[in-house]
Protein chains: 2
Amino acid sequence: MTTQQLVTQIKKKQSFLCIGLDVDLDKIPKHLLETEDPIFAFNKAVIDATHHLCVAYKPNTAFYEAYGIKGWQALEKTIKYLNQNHPEIYTIADAKRGDIGNTSSMYAKAFFDDLGFDSVTVAPYMGKDSVEPFLDFKDKHTILLALTSNKGAFDFQTKTVDGKELYKQVLETSKTWENSQNLMYVVGATKAEYLAEIRQIIPNSFLLVPGVGAQGGNLQDVCKYGMTDDIGLLINSSRGIIYASKNEDFAEAAAKKASALQSEMKAILAK
Amino acid sequence: MTTQQLVTQIKKKQSFLCIGLDVDLDKIPKHLLETEDPIFAFNKAVIDATHHLCVAYKPNTAFYEAYGIKGWQALEKTIKYLNQNHPEIYTIADAKRGDIGNTSSMYAKAFFDDLGFDSVTVAPYMGKDSVEPFLDFKDKHTILLALTSNKGAFDFQTKTVDGKELYKQVLETSKTWENSQNLMYVVGATKAEYLAEIRQIIPNSFLLVPGVGAQGGNLQDVCKYGMTDDIGLLINSSRGIIYASKNEDFAEAAAKKASALQSEMKAILAK
């Protein structure tokens, strides 16, 4: 999917919501555990109930890898289901990968070509040649970790590097990489006050913003400091939506939570 | 496996060689492609021919993920084969993972508990709470990226952070984390001259050293600056060993290359 197609979807649906599909078998309704593939059954129900309210889904690969082959199969089924039934949905593999060049190429091939995701999250620590193999893919996005939503973000990301915080160095340096137009960035909602300065460095890039809801981030603040003419934001909520109920009404409960966020977004877009 | 058990194996085998199992179907002998599971067939042959010459194997997960379910199955079969037939071998999942706390816990569970690896490589960018869930596991090691072997290492890792290079900040900060005795570090052989300073910060920790061979690193230099009383080094070679021949003699050719490195190591240990 191109950036422009994503913007079109956001304007059409009046939503820039991304739903994180982080499926933990200990947290999903018990009756699903008796189905053949509980993870996919859960995802399918959530997708069926919420796809009109969001523009993107983001499975975090850790939750699938934790269940071995079965988890990997559920991930494949989920992305196939999305691509076949909802081609208008933007898909993000939250994998936080990054390795030496020839190895990053293998990851890029796995997530873009084989699984068919629109984008993948990538860690910046290994630098240019660990990220550029992802940027090579046309109409695919590489979402680089810049300033994450967790406490550990202050261990290195906000430390001053040659007179400027490391996450700003990451933003500035990444702009010089080949095909940098295919970059988006992860910026945690828990650090909304940083967004004004971030927008000075990357005025137009899309930001994937985790941390609204369960992690305490505020939607209004994020939009105030981070929104662009083309919106430029994908706000992710995972646990706050998908685990809204532990009972048989889990999908309806997820839709209610998603609908509340979408309404808030619609109001912001109308301003 | 405990650090002491690893040291015992190194002394017994007179080898601190780790063989990287980075299986690319375009590079393995053609006759294997007709077998039911070419990746596992390749790994099994390499392991059977080299296990007496090395102390560790390191599959890079990218190469397995690139083949989807089949790749994941081959990875499971490989680690099971090693744990059942060669429990004296130290195993490293080269996954370069790292995420927010509850997600890192899922990765740790997947690699340590479910797959049964002795260790996993982890990226430091997201800080303390992204790494500590891995450190929680007893008799398992977390191998933190410090100074990698690729060119991109100079993009951020060697930049000065509050008066000290970022990779040194990573080393020093990580020492303060809970269960930091379970840490090892990745330091590329292509940067052997940095090892003397690294040893001032972490005098005893084990280092996983990629980049000898195909990437141009020098074994003698690495040992000169990086070796400790308990050796403290695992030298990894992947392509230089496993792709020594593209013909039916690939396993013997791999053993020859591994044997040459082991002889060099034995001579160094005898000094």
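Residues numbered from 1 in each chain as written. Chains lettered and ligands numbered in written order. Predicted model: local features only at pLDDT ≥ 70, side-chain atom pairs only at ≥ 80, totals over all residues. Heavy atoms only, no water.

- An unreviewed UniProt entry annotates chain A as Orotidine 5'-phosphate decarboxylase of Winogradskyella jejuensis.
- Recorded under Pathway (unreviewed entry), the UniProt text for chain A is reproduced unchanged: "Pyrimidine metabolism; UMP biosynthesis via de novo pathway; UMP from orotate: step 2/2." (UniProt positions renumbered as here; feature names shortened; annotations may be inferred.)

Here's the deal with the overall build of chain A
For step 1, the next point in the chain: Helices and strands together make up the secondary structure of chain A, namely 12 helices and 10 strands.
For step 2, the next point in the chain: At 18 Å, chain A has a C-alpha radius of gyration in line with the 18 Å of a compact globule built from 271 residues.
For step 3, the next point in the chain: Its C-alpha atoms give chain A principal-axis dimensions of roughly 55 × 45 × 35 Å.
For step 4, the next point in the chain: When each of the 271 residues of chain A is scored for burial, the buried share is 64%.
For step 5, the next point in the chain: A separation of at least 24 residues holds for 74% of the contacts in chain A among residues at least 6 apart in sequence.
For step 6, the next point in the chain: Put simply, chain A shows about 10000 Å² of open surface, and 47% of that area lies on carbon and sulfur atoms.
For step 7, the next point in the chain: Considering chain A, the positive charge centre built from 30 side chains and the negative charge centre built from 33 side chains are found 4 Å apart. (Helix = DSSP H or I, 4+ residues; strand = E, 2+ residues; numbered from the N terminus. Rg over C-alpha atoms; globule rule 2.2 N^0.38 Å. Buried < 20%, exposed > 50% of the residue type's maximum accessible area, 1.4 Å probe, protein only. Contact = heavy atoms within 4.5 Å. Areas by Shrake-Rupley, 256 points an atom, 1.4 Å probe, with all protein chains shown as cover. Lys, Arg positive; Asp, Glu negative; His and termini not counted. Charge placed at Lys NZ, Arg CZ, Asp CG, Glu CD.)

Observations concerning the interface of chain A and chain B
For step 1, the next point in the chain: On the chain B side, the residues contacting the 57 residues of chain A number 57 residues.
For step 2, the next point in the chain: For the pair chain A and chain B, the two sides together bury roughly 4800 Å², of which 61% comes from carbon and sulfur.
For step 3, the next point in the chain: Of all residues in chain A, Met106, Tyr125 and Phe156 of chain A give up the largest surface area on contact with chain B, accounting jointly for 19% of the area buried on that side.
For step 4, the next point in the chain: Between Asp99 of chain A and Lys96 of chain B there is a salt bridge, with its nearest N and O atoms 2.8 Å apart.
For step 5, the next point in the chain: Where chain A touches chain B, the interface holds 26 residue pairs in polar contact (both at pLDDT 80 or more).
For step 6, the next point in the chain: Per element, the largest residue contribution to the side of chain A that touches chain B is 8 residues, and it comes from helix α5 (residues 101-114) of chain A.
For step 7, the next point in the chain: Class assignment for the residues of the side of chain A that touches chain B results in 24 nonpolar, 18 polar and 15 charged. (Buried area = accessible area lost by both parts, 1.4 Å probe. Salt bridge = Lys/Arg side-chain N within 4 Å of Asp/Glu carboxyl O. Polar contact = N/O pair within 3.5 Å; in protein donor to acceptor, adjacent residues only side chain to side chain. Nonpolar A, V, L, I, M, F, W, Y, C, P; charged D, E, K, R; others polar.)

A short note on the relation of the copies chain A and chain B
Here the second copy of the chain follows from the first by a rotation about an axis and a shift along it.
For step 1, the next point in the chain: Take chain A, turn it by 180 degrees, move it 0.0 Å along the axis, and it overlays chain B with an RMSD of 0.0 Å. Both chain copies can therefore be described as sitting about a two-fold axis. No C-alpha of chain A lies nearer the rotation axis than that of Val161 of chain A, which sits 2.1 Å from it.
For step 2, the next point in the chain: Here 100% of the interface residues in chain A have copies in chain B that are interface residues too; the copies meet face to matching face. (Least-squares fit on C-alpha atoms with pLDDT ≥ 70 in both.)

Side note on a positive patch on the surface
For step 1, the next point in the chain: Together, Lys27, Lys30, Arg239 and Lys246 of chain B line one region of the surface with positive charge.
For step 2, the next point in the chain: Of the residues examined, Arg239 of chain B reaches a relative accessible area of 31% and is grouped as partly exposed. (Patch = residues over 30% accessible without salt bridge, like charges linked within 9 Å, V, L, I, M, F, W, Y side chains within 5 Å.)

Quick look at helix α8 (residues 166-174) of chain B
For step 1, the next point in the chain: With 7 of 9 residues buried, α8 of chain B lies mostly within the body of the structure.
For step 2, the next point in the chain: Every buried residue of α8 of chain B is listed here: Leu166, Tyr167, Lys168, Gln169, Val170, Leu171 and Ser174 of chain B.

A few points about the sheet that holds strand β3 (residues 90-97) of chain B
Residues and elements named next belong to chain B.
For step 1, the next point in the chain: Read around the closed barrel, 8 strands run β1-β2-β3-β4-β5-β8-β9-β10, paired in parallel fashion. Each strand of the sheet is rotated relative to its neighbour by a mean of 30 degrees, with strand direction disregarded.
For step 2, the next point in the chain: Where β3 lies against strand β4 (residues 119-122), 3 bridges are found, and the strand directions are parallel. By the bridge assignment, Arg97 is partnered in β4 with Val122.
For step 3, the next point in the chain: The strands touched by α8 within the sheet are β5 (141-147) and β8 (183-187), with β5 carrying the most contacts at an inclination of about 150 degrees. (Pairing = 2+ DSSP bridges. Axes fitted to C-alpha atoms, helices over the stretch in contact; angles between N-to-C directions.)

Quick word on the environment of Thr2 of chain A
Residue and element names in this part refer to chain A.
For step 1, the next point in the chain: Of note, Thr2 is situated in the segment before α1 (3-13).
For step 2, the next point in the chain: Judged by relative accessible area, which is 25%, Thr2 ranks as partly exposed.
For step 3, the next point in the chain: Taking the C-alpha atoms as reference, Thr2 lies 8.8 Å from Asp118; in sequence the two are 116 residues apart.
For step 4, the next point in the chain: Beyond its immediate sequence surroundings of up to four residues, Thr2 is in contact with Asp139 and His141.

Structural notes on unusual backbone geometry
Residue and element names in this part refer to chain A.
For step 1, the next point in the chain: If you check the backbone angles, Asp162 has positive phi at about 45 degrees while not being a glycine.
For step 2, the next point in the chain: You can see Asp162 is positioned in the loop between β6 (160-161) and β7 (164-165).
For step 3, the next point in the chain: Phi is positive for Asn179, which is not a glycine, with a value near 60 degrees.
For step 4, the next point in the chain: The topology assignment puts Asn179 in the loop between α8 (166-174) and β8 (183-187).
For step 5, the next point in the chain: For Asn179, a relative accessible area of 25% puts it in the partly exposed group.

Quick word on the UniProt feature "active site" (unreviewed entry) in chain A
For step 1, the next point in the chain: When the UniProt feature table is mapped onto this chain, "active site" (unreviewed entry) is found at Lys96 of chain A.
For step 2, the next point in the chain: Along the chain, the position of Lys96 of chain A falls in strand β3 (residues 90-97).
For step 3, the next point in the chain: Overall, the relative accessible area of 8% leaves Lys96 of chain A in the buried class.
For step 4, the next point in the chain: Leave out the neighbours within four places in its chain, and Lys96 of chain A touches Asn60, Thr121, Val122, Ala123 and Leu145 of chain A together with Lys96, Gly98, Asp99 and Met126 of chain B.

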